Amino acid sequence: MNKTHIISSFILITIILFTSCNQKKSDSFDRKVDAILSKMTLEEKVGQMAQITLDVIGNGINRHASNEPFAIDTLRIRKAIVDYHVGSILNTTNNYALPPTQWNEIISFIQKVATKETRIKIPVIYGIDAIHGTTYTDGAIMFPQQITVAASFNPTNAYNMARVTAYETRASGIPWNFSPVLDLGADPRFSRQFEGFGEDPYLIVKMGEQMIKGYEGNSDSLQSPYKVASCLKHFLGYSVPISGKDRTPALIPQNNLIEYHLASFKAAIEAGAESVMINSGIINGASVHASYEIITKLLKQDLKFEGVVVTDWMDIINLHTRDKIAENNIEAIKLSINAGIDMSMIPYEYESFCDNLVTLVKKGEVKESRIDDAVRRILKMKMKLGLWERPVTNIKDYPDFGSEKFAHMAYESAADGITLLKNNNNILPLSKKIKVLVSGPNANSMRAMNGGWTYSWQGEKTDRFAGKYNTMLEAIQNEIGTSNVKYVPGVSYIEAGKYFEDEENKFNEAIAAAKTVDVVILCLGENTYTEKPGDLNDLTMSTNQLRLAREISKAGKPVVLVLTEGRPRCISSIEPLMSAVVQTYLPGNYGGDALSDILFGDVNPSGKLPYTYPSYPNSLVTYYHKPSEEQKRAEGAYVYESDYNPQYEFGFGLSYTTFEYSNLKISNKEFSKSDIIKIDVDVKNSGERLGKEAILLYTSDLYATITPDVKRLRRFNKISLAPGQIKTVSFEITDKDLAFVNTNNQWVTEPGEFEISVGGLKTKINYK
Ligand code: BGC
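Residues numbered from 1 in each chain as written. Predicted model: local features only at pLDDT ≥ 70, side-chain atom pairs only at ≥ 80, totals over all residues. Heavy atoms only, no water.

Enquirer: For the overall build of the protein chain, give the residues involved together with the corresponding values.
Expert: Scanning the protein chain from terminus to terminus reveals 21 helices and 28 strands. For 768 residues, the compact-globule estimate of 2.2 N^0.38 gives 27 Å, and the C-alpha radius of gyration of the protein chain, at 27 Å, lies within 12% of that figure. Residues counted as buried form 61% of the 768 residues belonging to the protein chain. In the protein chain, the proportion of contacts linking residues at least 24 apart, taken out of those at least 6 apart, comes to 77%. Only carbon and sulfur atoms are counted for the fraction: they give 52% of the accessible area of the protein chain, which is about 29500 Å². For the protein chain, the distance from the average site of its 84 positive side-chain charges to the average site of its 90 negative ones is 3 Å. (Helix = DSSP H or I, 4+ residues; strand = E, 2+ residues; numbered from the N terminus. Rg over C-alpha atoms; globule rule 2.2 N^0.38 Å. Buried < 20%, exposed > 50% of the residue type's maximum accessible area, 1.4 Å probe, protein only. Contact = heavy atoms within 4.5 Å. Areas by Shrake-Rupley, 256 points an atom, 1.4 Å probe, with all protein chains shown as cover. Lys, Arg positive; Asp, Glu negative; His and termini not counted. Charge placed at Lys NZ, Arg CZ, Asp CG, Glu CD.)

What follows is the structure, given as structure tokens:
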């Protein structure tokens, strides 16, 4: 045996041992779960399937109006956990972040009741939405939202965000996180665009896989007190309703659903994700919470998902009250449990859910085997998390909570994602010796930089919690000195109003001040929102903000437009007036620092757009559109051309240096099934600054039996290059990467020519 053989045999044996060890562990979980299940009454089993919101066991809602602090009501908690055997609790109290010590107290109390006062002593599983950091814990590190992380094209940022969030969520005593969002961000109107990784299916897969690793670790590390169970959401096809408005019907052809929406969930399930949340909406006429096809057939059978399927907020009741497909709540429960739901996020009236489900089983309308399947999944997740051994954690064991080390990772993610979209005459980076006017409603707002799901659901309480971090204005003042910075908002949000309401605030003063400085830094975009409250009637940027941009530009000073927004608001009417445009998306608590480091050249921007930035609200097309959506000039009487007119294309982003691509080489022009095609390209930093470049590899199927996408992202890699440095970047693809889903809903790679393009270089390959 030579050395290579010895090494590969060693690796093989290790893999076999690891796999068989994990198998044994899983078998032992199954045996323990079965032993518990066999002792449970029907009522106890049904209780495990119930999830309630924290306020149900507290001293009433809207306490903050009266300043009464949250306390658990002992009668209410005992009714829920002892009498009704409720197995899960979610959310914060009264939509408000709590300190970690208070979280520990709350969860300790809940677990004491569950593990000491109930007959069967099963710990409760607590769940939360910690979607860009531990949302509802005061002092936790807030990363940028997923959309900024996507723009970094660096999956390490996704991993770091999830790892830190897992640690800090667990430090709060909470072991289950309703994250990541793996929905396809194909519609810029949707109010939750920022919660996802943008419009490209492959980018979402790569980012999503790292989130699962960050949350859950390897397959056996869920028992670690630093990991949480993840929850993939929202399965499936949530983000593209026809109207663009949350929880309204979507029409998605089955082949499209499989090709564009499913891949991210499939990859995350293969990466070991423990739970999945169901799409609250309606696709192709079917309320997803009642869809046996989607929940049982597709998710549990085809994808072999063995974890817990949880509803979204109130979505069983919604089958009756909203969607009108069930005449009453009992019918709604029957439909959804039979469709394959394991746990109901009820979240208030748990008594009727539990009583009705017990009745349905007794009447034979829901099989007890279905209940057993659900409870088995729930108990196994609790067991994997080690909740019997450690029902609650202690903040003292988490010295890194809120640490500098974690803060740095959040800063890095923001700095790596912020995207330079325009830079006329290299106006950026700015000299530190100039005088600037900072203006716009987002300039001095921690709220605007964080987006929804920050300290509260809609993010409206952020400024109260995030005082110690720098707004964009404060960071710019730190960078060049307060005396060199004038601040006049010009326009401000109406904080007590709807998220989209803004008003003039020293409008004329702002315009006057523009004349007295060297450069204007104009911070526009959106205030915070999510879900239904974030629905939108017009994708164009607000009238007041556009007017401010127009008027301020008349001063004749260069204007640097800084965008901070959860979705790309159309700016085509003012964009030509701007000297530079910087997209920060929602960069989180360290976004101000990252932005100012970029504006003044301490950091070279390297983000690229993870979506197509539209010019007009009626021209919303993803980059992977069909050739007919981008028609070239036609001959003859009917002369027409290009409907495809984005403001900025997917994958676009500038740097303070330049990169040159050359020597695109492929290992073989002809290939057949399973052949690996190796693609090499040289990338040179041809400018004078150190810079990072995300190299994006696209393929185009030139002809196919259904009209092909103009191109699709297949690989990417972000590298750092010193001035003058050249690196050869290599990628590998196979026929599988070139497949699409045909009208029979099958993945196929059809013979014929494909084009490969990287950094503007192109070559063709032929599949036989
Ligand atoms: C959202 C989910 C979230 C859940 C629990 C719902 O309204 O759609 O994404 O996980 O609430 O807070």
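Enquirer: Describe the domain arrangement of the protein chain, naming the residues involved and giving the relevant values.
Expert: In terms of domain boundaries, the protein chain breaks down into domain 1 (40-397), domain 2 (419-599) and domain 3 (657-767). Computed over C-alpha atoms only, the centres of domain 2 and domain 3 are separated by 36 Å. (Domains from an automatic or database assignment.)

Enquirer: Go over the site of the ligand with me, naming the residues and quoting the values.
Expert: Surrounding the ligand, one finds 13 residues, the nearest of these being Asp129, Arg192, His234, Asp312 and Glu531. With respect to the ligand, the side chain of Arg247 contributes an N or O atom lying 2.9 Å from an oxygen atom. Taking Glu531, its side chain carries an N or O atom lying 2.7 Å from an oxygen atom of the ligand. Calculation on the ligand without its partners gives an accessible area of 310 Å², and the protein chains cover 95% of this total. Across the shell around the ligand, the residue classes break down as six nonpolar, one polar and six charged. (Near = heavy atom within 4 Å. Polar contact = N/O pair within 3.5 Å; in protein donor to acceptor, adjacent residues only side chain to side chain. Nonpolar A, V, L, I, M, F, W, Y, C, P; charged D, E, K, R; others polar.)

Enquirer: Requested: an account of the pairing of strand β28 (residues 761-767), with residues and values cited.
Expert: In the sheet, strand β20 (residues 670-671) pairs with β28 via two bridges, with the strands oriented parallel. Bridge pairing in β28 places Phe671 opposite Tyr767. Two elements, strand β27 (residues 752-758) and β28, share seven bridges in a ladder whose sense is antiparallel. Looking at β28, one finds that Glu755 is bridged to Lys764. Once β27 ends, the chain turns through two residues before running back antiparallel as β28, passing Gly759 with a positive phi of about 50°. (Pairing = 2+ DSSP bridges.)

Enquirer: Account for the packing of helix α7 (residues 155-171) against helix α15 (residues 404-417), naming residues and giving values.
Expert: Between α7 and α15, whose axes approach to 10 Å, the crossing angle comes to 150°. One element, α7, and the other, α15, form an angle in the roughly antiparallel class. Seen along the crossing, α7 lies across α15 with a hand that is left-handed. Between α7 and α15, the contacting residues are Asn157, Asn160, Arg163, Val164, Tyr167 and Glu168 on the first element and Phe406, Met409, Glu412, Ser413 and Asp416 on the second. The residue makeup of the contact of α7 with α15, split by class, is four nonpolar, three polar and four charged. (Axes fitted to C-alpha atoms, helices over the stretch in contact; angles between N-to-C directions. Parallel < 35°, antiparallel > 145°, perpendicular 65-115°, else oblique. Left-handed = near helix turned anticlockwise from the far one by under 90°.)

Enquirer: Lay out the sheet that holds strand β23 (residues 712-721) with the relevant residues and their values.
Expert: Pairing is mixed in the open sheet, where five strands are placed in the order β20-β28-β27-β22-β23. Either end of the sheet is taken by a strand with one partner, and the two such strands are β20 and β23. By the bridge criterion, nine bridges tie strand β22 (residues 691-701) to β23 in an arrangement that is antiparallel. Counted as the bridge partner of Gly691 is Leu721 from β23.

Enquirer: Got a sec to walk through the pairing of strand β3 (residues 125-128)? Specific residues and values, please.
Expert: Going residue by residue along β3, you find Ile125 and Gly127 tucked away on one face and Tyr126 and Ile128 tucked away on the opposite face as well. Across three bridges, strand β2 (residues 88-90) lies against β3 in parallel orientation. Its bridge partner being in β3, Ser88 is matched across the sheet by Ile125. In this region the chain leaves β2, passes through helix α5 (residues 100-117) and returns to the parallel neighbour β3; the handedness of that crossover is right-handed. (Right-handed = clockwise from strand over helix to strand, strands pointing away.)

Enquirer: Could you give an account of the packing of helix α8 (residues 201-216) against helix α9 (residues 254-270), with specific residues and numbers?
Expert: In contact at an axis separation of 8 Å, α8 and α9 are set at 20° when each is read in the N-to-C sense. One element, α8, and the other, α9, form an angle in the roughly parallel class. Considering how the two elements wind past one another, α8 and α9 form a crossing that is right-handed. In this structure, α8 contributes Pro201, Ile204, Val205, Glu209 and Ile212 to the contact, and α9 contributes Tyr260, Ala263, Ser264, Ala267 and Ala268.

Enquirer: I'd like to hear about the sheet that holds strand β5 (residues 231-235), residue by residue, with values.
Expert: Taken in spatial order, the three strands line up as β5-β6-β9 in an open sheet, and their pairing is parallel. Strand pairing shows two members of the sheet lacking a second neighbour, β5 and β9 (308-310), which therefore form its edges. Each strand axis lies, on average, 25° off the axis of its neighbour in the sheet, ignoring direction. Judged from the three bridges that link them, strand β6 (residues 275-278) and β9 form a sheet pairing that is parallel. The residue bridging Val276 from the neighbouring strand is Val309, located in β9.

Enquirer: Tell me about the side chain of Gln458, residues and numbers included.
Expert: Within the secondary structure, Gln458 sits in the loop between α16 (446-450) and α17 (462-465). Engagement of the side chain of Gln458 in a polar contact is seen with the backbone nitrogen of Thr530, the distance being 3.1 Å. With residues near it in sequence (within four places) discarded, Gln458 still touches Gly452, Thr528, Tyr529, Thr530 and Pro533.

Enquirer: So, the side chain of Thr135: which residues are in play, and what are the values?
Expert: Topologically, Thr135 is positioned in the loop between β3 and α6 (146-151). Thr135 gets classed as buried once you look at its relative accessible area, which sits at 0%. Polar contacts involving the side chain of Thr135 include one to the main-chain amide nitrogen of Ile131, which spans 3.3 Å. Each residue touching Thr135, except ones within four places of it in the same chain, is listed here: Ala97, Asp129, Ala130, Met142, Trp453, Thr454 and Tyr455.

Enquirer: I'd love a proper account of the pattern of salt bridges, names of residues and values included.
Expert: Throughout the structure, instances matching the rule amount to 46 salt bridges. In this structure, the salt-bridge partner of Arg192 is Glu195, at a minimum N-O distance of 2.9 Å. Given a relative accessible area of 4%, Arg192 falls into the buried group. Counted as one network, the salt bridges with shared partners bring together Arg192, Glu195, Asp246, Arg247, Asp312 and Glu531. (Salt bridge = Lys/Arg side-chain N within 4 Å of Asp/Glu carboxyl O.)

Enquirer: Go over unusual backbone geometry with me, naming the residues and quoting the values.
Expert: Residue His234 is bonded to the preceding Lys233 through a cis peptide linkage, with omega at 5°. Mapped onto the fold, His234 is located in strand β5. With omega at 15°, the peptide bond leading from Phe235 into Leu236 counts as cis. Position of Leu236 among the secondary structure elements: in the loop between β5 and α9. One non-glycine residue, Asn95, lies in the positive phi region at around 60°. Note that Asn95 resides in the loop between β2 and α5. The class for Asn95 is partly exposed, based on a relative accessible area of 25%. A positive phi angle, close to 55°, is found at Asn663, a residue other than glycine.

Enquirer: Before we move on, could you go through α7 and cite the residues and values that matter?
Expert: One full turn of an α-helix is made of 3.6 residues, so residues set three or four places apart face in the same direction. The first and last C-alpha atoms of α7 sit 24 Å apart over 17 residues, in line with the 24 Å expected at 1.5 Å per residue. Among the 17 residues of α7, 13 are classified as buried, and the element is accordingly described as predominantly covered. Looking one or two residues beyond α7, the residue adopting positive phi is Gly173, at roughly 90°. (Expected span 1.5 Å × (residues − 1).)

Enquirer: Go over the environment of Glu504, please, and point to the residues and values.
Expert: If you trace the backbone, Glu504 turns up in strand β15 (residues 502-505). Linking Glu504 and Pro144, residues 360 residues apart in sequence, is a C-alpha distance of 28 Å. Setting aside chain neighbours within four positions, we find Glu504 in contact with Gly490, Val491, Asn544 and Arg547.

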